[in-house]
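Topology and contacts: notes
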Amino acid sequence: MENDIEATSYSIAKDSGLSSEDALRMFLRRHYDTNFRGLRRQIINGKLQMEWQWLENE
C-alpha cells in the first residue's frame, strides 16, 4: 500500500497470495486486530507499528 495508496483490498489480497478480500479481512482481524481501512489509515498517517520477529534455527 505504501507504493500504491489507491490499491484496493482485492488487489492487495491477490498480490499477497490470498484468495479474496474476505481472506484478507479475516487475516488482518485474526493476526493484527485491524481491518483494511484501519491499516490504510495507519500507513497514510505514518503510525504503523511493525513488530519485528526473527526466525531462529531450531
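Here's what I pulled together on the structure shown here. Please read these numbers as outputs of a predicted model, since none were measured by experiment.

Concerning the overall build of the chain
Secondary structure summary: the chain contains 3 helices and 0 strands in total. In the chain, which comprises 58 residues, the proportion classed as buried is 22%.

Section: helix 2 (residues 21–32)
Compared with the 16 Å implied by 1.5 Å per residue over 12 residues, the 16 Å span of helix 2 between its first and last C-alpha is a close match. Those residues of helix 2 not exposed but buried are Ala23, Leu24 and Leu28. Projected down its long axis, helix 2 shows its buried positions confined to an angular sector of 130 degrees, all on one face. The N-cap of helix 2, judged by a side-chain oxygen 3.3 Å from the amide nitrogen of Asp22 a few residues on, is Ser20. Just downstream of helix 2, Asp33 is the residue with a positive phi angle, here 50 degrees.

Describing helix 3 (residues 36–44)
Within helix 3 the residues assigned to the buried category are Phe36, Gly38, Leu39 and Arg40. Packing partners of the buried residues in helix 3 comprise helix 1 (9–15) and helix 2. The N-cap residue of helix 3 is Asn35: its side-chain oxygen and the backbone nitrogen of Arg37 are 3.2 Å apart. A positive phi of about 70 degrees marks Gly46, the residue just after helix 3.

Rules of the game
- Residues numbered from 1 in each chain as written.
- Predicted model: local features only at pLDDT ≥ 70, side-chain atom pairs only at ≥ 80, totals over all residues.
- Heavy atoms only, no water.
- Helix = DSSP H or I, 4+ residues; strand = E, 2+ residues; numbered from the N terminus.
- Buried < 20%, exposed > 50% of the residue type's maximum accessible area, 1.4 Å probe, protein only.
- Expected span 1.5 Å × (residues − 1).
- Arc of directions from axis to C-beta.
- Polar contact = N/O pair within 3.5 Å; in protein donor to acceptor, adjacent residues only side chain to side chain.
- Contact = heavy atoms within 4.5 Å.

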